[in-house]
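Here is what each chain is made of, one letter per residue.
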Amino acid sequence: RESGDIAHAILTGSADLGLAAEHALPDSIERIPFSEDRLVLIVARADDMAGRRQIDFSEAVERDFVGLITSSALHTHVAGHAARLGARLRFRARMNNFDAIGEMVAAGIGIAVMPEVAARRCARAMKIGVVRIRDPWANRRLAICARSFKSLPRPAKLLVDHLRTAA
């Protein structure tokens, strides 16, 4: 789900915990820093962008894209930032996972935005290049969030402890 939807679920009591982008959380929700989720652009190794270390997203919005299905939070996030630039992304293919996206990009179907961790994993086995996106929105800080960590049920508190240790 989108971070705003997660915040709403916590505020209304339909969820005890969530992982969400910090910028989307209202002050009334408690949070614990969890991780950074840097988004990058992946391109086929033969693409002219492949030799670049970083890029402004505005330089890529006119290209053909491969992405996740439209109901994904990442798709909504990226499409929203393209819209703020006055662009509507053209998707040639939509896939269910990052490995499938990587294969399509390696085949030259289009370019894609994905988390850097997934992109680096794909780059080990696929002919793709990873290019950092300079725009501030591409570096999302994720947080574990709850209405009140003290009032969580014991299993939820144990999960929070596990997540904090894993982070």
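The rules we used
Residues numbered from 1 in each chain as written. Predicted model: local features only at pLDDT ≥ 70, side-chain atom pairs only at ≥ 80, totals over all residues. Heavy atoms only, no water. Core = buried A, V, L, I, M, F, W, Y, C linked by side-chain atoms within 4.5 Å. Buried < 20%, exposed > 50% of the residue type's maximum accessible area, 1.4 Å probe, protein only. Helix = DSSP H or I, 4+ residues; strand = E, 2+ residues; numbered from the N terminus. Contact = heavy atoms within 4.5 Å. Pairing = 2+ DSSP bridges. Expected span 1.5 Å × (residues − 1). Arc of directions from axis to C-beta.

Draft legend 1. Fine view of the nonpolar core. Ranked by internal contacts, the top residues of the largest apolar core, which has 36 residues, are L41, I42, F57, F65, I101 and V113. Those elements that provide at least two residues to this core are β2 (30-44), β4 (64-68), α2 (73-84), α3 (98-106), β6 (112-115), α4 (116-125) and β7 (128-133). Filtering out sequence-adjacent residues up to four positions away, I42 remains in contact with I101, G102, V105, I111, A112, M114, A119, I128, G129 and V130.

Draft legend 2. A look at the pairing of strand β8 (residues 139-146). Of all eight residues making up β8, six are buried, and the element is well covered by its neighbours. Examined bridge by bridge, strand β1 (residues 17-21) and β8 share five bridges and lie antiparallel to one another. Residue pairing in the sheet places L17 in a bridge with A146 of β8. One ladder, built from eight bridges, connects β2 with β8; its direction is antiparallel. Note on β8: the bridge partner recorded for R38 is N139.

Draft legend 3. Spotlight on α2. With twelve residues, α2 ought to run about 16 Å at 1.5 Å a step, and its terminal C-alpha atoms sit 17 Å apart, in line with that. Here α2 has its buried residues at L74, H75, H77, V78, H81 and A82. Along the long axis of α2, the arc covered by the buried residues comes to 165°, so they all point the same way. Contacts made by the buried residues of α2 are with β2, β4, β5 (90-95), α3, β6 and β8. Looking one or two residues beyond α2, the residue adopting positive phi is G86, at roughly 80°.

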